Amino acid sequence: MTKNSILERWLNRKKTTDTKLNAVPKHIKDLPIGESAPLSYGQQRLWFLQQLFPQNPFYHYVDVLRFKGILNVDVLTQSFQKIIERHDILRTTFLFKNDLGVQHVSSQMELEHSFFDISDQALNLRESIALDLALEISRQPFDLSKGPLFRIGIIQLTDREHFLVLSMHHIISDKWSMRILREELALIYQTLNSGLSPSLPKLEIQYADYAYLQRAKEIDSIHLDYWKSKLNGELSILNLPTDHPRPTHASYNGSLITKELSTELTNKLRILAKNSNTTLFVLLLSAFKVMLYRYTNQEDILIGTPFANRDEVELEKLVGFFNETLVLRSDLSGDPSFTSLVQKVRQTVLDAFSHKDTPFENLVKHLKPDRYISTNPLFQGMFLYHKVEPTPSFGDQLMLEHEPFDFGVSKFDLTLYISEEEDTIKTIFEYSTDLFEPETIERMQAHFKTMLEGIINDPDQRISRLPILSKNELKQQIVDWNDTEVTFPKIETIHEMIEGHVIRIPNETAVIDKDSQLTYTELDQKANRIAQHLQTLHVTPNTPIGLCCQRSIEMVIGIFGILKAGCAYVPLDPDYPIDRLQWMLDDSKAPIVLTQSQTADIFTNINSTIFSIDNILETQPSDTTILTENIGSDNLAYIIYTSGSTGRPKGVPVTHSNLIHSINARFDYYPDSPENFLLLSSLSFDSSIVGIFWTLSTGGCLVLPEFRIEQDMECLSTLISKYGITHTLLLPSLYSLLLQHGDAERMTSLKTIIVAGESCTSTLCKLHFGILPNVNLYNEYGPTEATVWCTVHHLSKEDAKRTIPIGKPIANTQIYVLDQNHQLVPQGATGEIFIGGAGVVKEYFNLQSLSTNRFVQNVFSTDVRSKLYRTGDLGRYRVDGLIEFLGRADRQVKIRGYRIELDEITEVLSQHPEIDEAVVFVHADDEKTSEDSWSKTIIEDKQTQQIIQLLQLLEPDQAEQLIESVETISENQLEYLFKD
Ligand code: AMP
Ligand code: MG
């Protein structure tokens, strides 16, 4: 059954209950006390949310006021009672009636108040005790059906200092209402206090009238059309870099951080706003948008902003919920100057206000944006601006102070409140503590300020160039975290590093495969024969030589021999399609291919000459050392082909110098070198370099398991124990299988496990420390273009708590995380990983324009020849300088370690005469797994029970909205929900 048909069934079931709004009496003003009125649109949304989160205080409206002077507590509570009598809304509760939410006004309601005297507590503790009490009072849940939805708490700190905590459900209040309350309170209090009885003018209408009128009013289609066109197309979901993954269900817990801007900066901003013919609201909103753009790299920025929908004079005196939300969408593409962005934002704001008469809920209903239960629809960031008004007078004896109060909630991911005071501006960041740590928001605050200063310095600056990082942060990212210089002994070729061990430990085993094994001397002699054979064919230095072998001793002999001859090997995986292999041979113009006898006949129609390694070893007469002249560190060692988006694989030519760096960096980083290394990578992945060259250049033994051993974990653990394997490198997914299905008792020889090639997960980290707690686990990261690795992280148990980092740059390597304009991104924000240093190859093989695009000028180096490789990988810096990998910026994927550009497949498919257009997706098994776990949570989840109950009670369109809003529920889960 599809989601639609379920919905259909649901709607049919509800069809009999027509819209009850018509049943509301026309003359609502005469509505007798005790009768019910409809909910305003805004109230309906809050009521709805309250059903979903009955215990959550996120829609409480809280004010904490500080009274200094002599306070008459009795008079204060009496004053509130008078206010309750004046405003129907303060006596209102919300009920279900005939399947509808209605508001019911009681003729009487007692003020709910509490009093705490803490004046006997130690003076230095009183403030914090009072704040704790205030927090408790403000978070106490309200029952919308019972009321009162308004409570106060009075806390006495000294006989001359009191806190007044005012907590209301937002469904009956808003910011404006709070001001009315303060003003009326001041008036009534003073009157009562002087022994008189207060007489405020009677209210002309009450909130219920407004609700009724709003419901009865037709929404002008011009407004709706405006929004439909303004919010057309895919709406981006603000992708702020978070410290914690977004939970399936938001808790709406939050916090506030306040910073004050200097008077000087405030004045300059005021002047700039004036000169730009706009307001501080627009100016600061534009700056906020730029900051979000710089943090997210998203150009489509949607921000919500509330406004008081109190156009009619009668509404100005009412307490109640009149807030509406406008969505302010801006396109920041094209890197405009800040001043021109301000003009665009200004127009957006003007247009939005002139079409404000479209209730937000109607907008959501009409636009049907993609909805996820833990994100707000249409926008995830909020911007609020207000001028601080003077507090009303309570007479000569009593002063009132009013500060923002943090009661631990955040309705959105991030809200920027701007509070404009006489001399200064305060920026208050309210943030979701599900997502962010306070330090992150502190930094964001500082970035906002740096950016505002940059704007003042040069308002015409392009938005990509506005400063955002502090000098310290710049130094940290450019210098401190890239301070990796290490000097190694000078050496020209990688094979020299192996030859040293031939002299030192001639009879130690160098390499073992399933059939045989070789000592260092034997390996050297056999490699010499291969080299001599190649030399008789008059190869010149750098000549690419194809090498098509299974994982075997011949393979290692072949590599070593090719290098000794001064040539570069081109790995050709015998399991690859023959067309692809032939293409690599054509592209590299390899004149010769070395094979084993069993792989010799896969090539049929090629220009290269094929030799079998076994034959050469048998026929080549001498195994003495040969001299390789004119071979130096700039010569090529290998060319590895990786997937290319043009439809053809691209060659990455790696020099001896690159390769020596890659191995030297291991000497620098790893405390011990491999005694017995199990090679699990295929030769056509550069991760095979680790096993082959690290092991042989340190005198260890390289163990080559049989082809497809990866499919049998029992066998793999036996092999580990048989050969006393100390080191290995494998994909995290394979390691996870080994841990789950292998035999840990047979893996006791292991000392070092390296995972690489794909993301290492927390689950794997936990698994590892559960099963092999004494084995060192490392996560290495790096593309072929930077020679195997460029960052590494040594994992600890604690790492499992969050995203596993890829670590820090290795010796003589620099990493920069940059945005699309090649600017450093703030710590924590997502950018593209750029790599510099000794491992970065010069270019792609024979691909000039692609090379220019991917190997770019290193602007952080004084050496003009220095290049950075743009990886296309996304990453970010953590506070501790560790880097996290966050996926790809393009359509490259990894499938079982294979690096695949999806565009390569698309390109090839499109070449078929019958195919006009092709689209390629990866069907990830992971998705299924996460969905399975979703279904488990939702079934057990209390919230689901509430959804079910709620659906029983809802109006068809409300039910529809709810179903839409739980977009992440699969068909099966929906079926479950509707099961009777
Ligand atoms: P390759 O050139 O075949 O070695 O693939 C390099 C790519 O694999 C990188 O650009 C990343 O996208 C991915 N990769 C390599 N190591 C890691 C790692 N430790 N974590 C996440 N992704 C990785
Ligand atoms: Mg690799």
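The notes below deal with the structure included here. (Residues numbered from 1 in each chain as written. Chains lettered and ligands numbered in written order. Predicted model: local features only at pLDDT ≥ 70, side-chain atom pairs only at ≥ 80, totals over all residues. Heavy atoms only, no water.)

### Some remarks on the overall build of the protein
Okay, step 1: In terms of helices and strands, the protein carries 29 helices and 36 strands.
Okay, step 2: Among the 980 residues that make up the protein, the fraction classed as buried is 57%.
Okay, step 3: Taking all contacts inside the protein whose residues are at least 6 apart in sequence as the whole, residues at least 24 apart take part in 73%.
Okay, step 4: Of the accessible surface of the protein, which amounts to about 42700 Å², a share of 49% is contributed by carbon and sulfur atoms. (Helix = DSSP H or I, 4+ residues; strand = E, 2+ residues; numbered from the N terminus. Buried < 20%, exposed > 50% of the residue type's maximum accessible area, 1.4 Å probe, protein only. Contact = heavy atoms within 4.5 Å. Areas by Shrake-Rupley, 256 points an atom, 1.4 Å probe, with all protein chains shown as cover.)

### Topic: the sheet that holds strand E5 (residues 112-117)
Okay, step 1: Strands sit in the order E5-E6-E7-E2-E12 across an open sheet of five strands; the sheet is mixed. Taken across any chain shown, the strands that pair with only one partner, and hence form the sheet edges, are E5 and strand E12 (398-402). For this sheet the average axis-to-axis angle between neighbouring strands, irrespective of direction, equals 20°.
Okay, step 2: Bridge count for strand E2 (residues 60-69) against E12 is five bridges, and the pairing is antiparallel. Across the sheet, residue Phe-67 finds its bridge partner in E12, namely Leu-400.
Okay, step 3: Sitting on the sheet, helix H4 (residues 123-139) is in contact with E2, E5, strand E6 (150-158) and strand E7 (161-169), with an inclination near 170° to E6. (Pairing = 2+ DSSP bridges. Axes fitted to C-alpha atoms, helices over the stretch in contact; angles between N-to-C directions.)

### Comments concerning unusual backbone geometry
Okay, step 1: A cis geometry characterises the amide bond from Gly-147 onward to Pro-148, with omega recorded as -15°.
Okay, step 2: Here Pro-148 lies in the loop between H4 and E6.
Okay, step 3: A positive phi is found at Tyr-252, a non-glycine position, where the angle reads about 65°.
Okay, step 4: Looking at the secondary structure, you find Tyr-252 in the loop between helix H7 (221-230) and strand E8 (254-260).
Okay, step 5: With a relative accessible area of 13%, Tyr-252 lands in the buried category.

### A word on the packing of helix H9 (residues 280-296) against helix H10 (residues 338-354)
Okay, step 1: Their axes nearest at 9 Å, the elements H9 and H10 cross at an angle of 115°. By the angle class used here, H9 and H10 are roughly perpendicular. You can see that H9 and H10 cross each other, and the crossing is right-handed. Here Phe-281, Val-282, Leu-283, Leu-285, Ser-286, Ala-287, Lys-289 and Val-290 of H9 lie close against H10, whose contacting residues are Phe-338, Leu-341, Val-342, Val-345, Arg-346 and Val-349.
Okay, step 2: Broken down by class, the residue content of the contact of H9 with H10 amounts to eleven nonpolar, one polar and two charged. (Parallel < 35°, antiparallel > 145°, perpendicular 65-115°, else oblique. Left-handed = near helix turned anticlockwise from the far one by under 90°. Nonpolar A, V, L, I, M, F, W, Y, C, P; charged D, E, K, R; others polar.)

### With respect to the packing of helix H14 (residues 494-504) against helix H19 (residues 656-669)
Okay, step 1: Between H14 and H19, the least distance of the axes is 8 Å, while the angle of their chain directions is 50°. Taken together, the axes of H14 and H19 are oblique relative to one another. Contact residues: Ile-494, His-495 and Met-497 in H14; His-656, Leu-659, Ile-660, Ile-663, Asn-664 and Phe-667 in H19.
Okay, step 2: Within the contact of H14 with H19, the residues separate by chemical class into six nonpolar, three polar and no charged.

### Some details on the site of ligand 1
Okay, step 1: As a structural note, the neighbourhood of ligand 1 is formed by 16 residues, with Glu-780, Thr-784, Asp-873, Lys-894 and Arg-899 the closest of them.
Okay, step 2: Within the contact set of ligand 1, a nitrogen atom lies 2.9 Å away from a side-chain nitrogen or oxygen of Asn-779.
Okay, step 3: Here Asp-873 contributes a side-chain N or O atom positioned 2.5 Å from an oxygen atom of ligand 1.
Okay, step 4: Contact with the protein chains covers 93% of the free accessible surface of ligand 1, which is 490 Å².
Okay, step 5: For the shell around ligand 1, the elements supplying multiple residues, two or more each, are strand E27 (776-781) and strand E34 (883-888).
Okay, step 6: In terms of residue count, E27 provides more of the shell around ligand 1 than any other element does, three residues in total.
Okay, step 7: Here the residues of the shell around ligand 1 are counted per class, giving four nonpolar, five polar and seven charged. (Near = heavy atom within 4 Å. Polar contact = N/O pair within 3.5 Å; in protein donor to acceptor, adjacent residues only side chain to side chain.)

### Re the nonpolar core
Okay, step 1: Membership of the largest hydrophobic core comes to 160 residues, with the highest contact counts inside it found for Met-291, Leu-378, Leu-594 and Phe-693.
Okay, step 2: Top contributing element to this core by residue count: H9, with 13 residues.
Okay, step 3: Other than its neighbours up to four places away in sequence, Leu-378 contacts Leu-231, Leu-235, Leu-302, Val-327, Phe-360, Leu-363, Val-364, Leu-367 and Pro-369.
Okay, step 4: Listed in part, the 71 residues of the second largest apolar core include Val-64, Leu-192, Leu-315 and Val-319. (Core = buried A, V, L, I, M, F, W, Y, C linked by side-chain atoms within 4.5 Å.)

### Quick word on the pattern of salt bridges
Okay, step 1: Following the criterion strictly, the structure yields 41 salt bridges and no others.
Okay, step 2: Between Glu-184 and Arg-86 there is a salt bridge, and its shortest N-O distance comes to 3.1 Å. In this pair, Glu-184 sits in helix H5 (residues 175-193) while Arg-86 sits in helix H3 (residues 73-86), placing the two residues 98 residues apart along the sequence.
Okay, step 3: Taking the shortest distance from any N to any O, the salt bridge between Glu-884 and Arg-802 comes out at 3.9 Å. Taken together, the residues Glu-884 in strand E34 and Arg-802 in the loop between strand E28 (791-794) and strand E29 (808-809) connect sequence positions 82 residues apart. (Salt bridge = Lys/Arg side-chain N within 4 Å of Asp/Glu carboxyl O.)

### Things to note about helix H16 (residues 553-564)
Okay, step 1: Here H16 contains twelve residues, and its C-alpha end-to-end distance of 17 Å stays within 8% of the 16 Å for a straight helix at 1.5 Å per residue.
Okay, step 2: The element H16 is largely enclosed, with a buried count of eleven among its twelve residues.
Okay, step 3: The complete set of buried residues in H16 reads Ile-553, Met-555, Val-556, Ile-557, Gly-558, Ile-559, Phe-560, Gly-561, Ile-562, Leu-563 and Lys-564.
Okay, step 4: At the exit of H16 stands Gly-566, carrying a positive phi of roughly 85°. (Expected span 1.5 Å × (residues − 1).)

### Looking at the packing of aromatic side chains
Okay, step 1: Inspection of every chain in the model, using the stated rule, returns 31 aromatic pairs.
Okay, step 2: Sitting over the ring of Trp-176, Arg-179 keeps its end group 5.3 Å from the ring centre.
Okay, step 3: A cation over a ring is seen here: Arg-666 above Trp-694, with NZ or CZ 5.3 Å from the ring centre. (Phe/Tyr/Trp six-rings, centres within 6.5 Å; stacked < 30°, edge-to-face > 60°. Lys NZ or Arg CZ within 6 Å of the ring centre and 35° of its normal.)

### Considering the sheet that holds strand E11 (residues 381-387)
Okay, step 1: With mixed pairing, the six strands of this open sheet are ordered in space as E8-E14-E13-E11-E9-E10. Each edge of the open sheet carries a strand with a single partner, namely E8 and strand E10 (323-331). When strand polarity is set aside, the average angle formed by the axes of neighbouring strands in this sheet is 25°.
Okay, step 2: Against the sheet, H10 makes contact with strand E9 (300-308) and E10, and its axis sits at roughly 145° relative to E10, the strand it touches most.

### A few points about the environment of Leu-71
Okay, step 1: Relative to the elements of secondary structure, Leu-71 occurs in the loop between E2 and H3.
Okay, step 2: Judged by its relative accessible area of 10%, Leu-71 falls in the buried class.
Okay, step 3: When the C-alpha positions of Leu-71 and Gln-156 are compared, they lie 9.6 Å apart, and in sequence the two are 85 residues distant.
Okay, step 4: With residues near it in sequence (within four places) discarded, Leu-71 still touches Leu-76, Ile-154, His-162, Tyr-189 and Leu-398.

### Things to note about the side chain of Ser-688
Okay, step 1: Looking at where Ser-688 falls in the secondary structure, it is placed in helix H20 (residues 688-696).
Okay, step 2: In this structure Ser-688 touches Leu-679, Ser-681, Ser-682 and Leu-683, once residues within four positions along its chain are discounted.

### Quick look at H19
Okay, step 1: When the terminal C-alpha atoms of H19 are compared, their 20 Å separation across 14 residues agrees well with the 20 Å that a helix rising 1.5 Å per residue should span.
Okay, step 2: Here H19 lies mainly inside the structure; ten of its 14 residues are buried.
Okay, step 3: When we look at burial in H19, the residues that qualify are His-656, Asn-658, Leu-659, Ile-660, His-661, Ser-662, Ile-663, Asn-664, Ala-665 and Arg-666.

### A closer look at the side chain of Ser-697
Okay, step 1: Mapped onto the elements, Ser-697 comes out in the loop between H20 and strand E24 (701-703).
Okay, step 2: The contacts of Ser-697, once residues within four sequence positions are left out, are Met-497, Ile-498, His-501, Ile-663 and Phe-667.

### Brief notes about the pairing of strand E22 (residues 650-655)
Okay, step 1: With six of six residues buried, E22 lies mostly within the body of the structure.
Okay, step 2: Because side chains alternate across E22, one face comprises the buried residues Lys-650, Val-652 and Val-654, and the other comprises Gly-651, Pro-653 and Thr-655, equally buried.
Okay, step 3: Bridge count between strand E21 (residues 636-642) and E22: six bridges; the pairing is antiparallel. Residue pairing across strands places Thr-642 opposite Lys-650, the latter belonging to E22.

### Section: the state of the cysteines
Okay, step 1: By the definition in use, this model includes zero disulfides.
Okay, step 2: Counting only cysteine sulfurs, Cys-548 is the nearest neighbor of Cys-549, a cysteine outside any disulfide, at a range of 6.8 Å.
Okay, step 3: Under the relative-accessibility criterion, Cys-549 is labelled buried at 6%. (Disulfide = S-S within 2.5 Å.)

### Structural notes on the environment of Ile-455
Okay, step 1: Considering the arrangement of structural elements, one finds Ile-455 in helix H12 (residues 438-457).
Okay, step 2: Excluding residues within four positions of it along the chain, Ile-455 makes contact with Leu-272, Ala-287, Phe-338 and Leu-466.

### A look at the environment of Glu-629
Okay, step 1: Tracing the backbone shows Glu-629 in the loop between helix H18 (613-619) and E21.
Okay, step 2: With relative accessibility at 58%, the residue Glu-629 sits in the exposed group.
Okay, step 3: Spatially, the C-alpha atoms of Glu-629 and Lys-564 are 9.9 Å apart, while their sequence positions differ by 65 residues.

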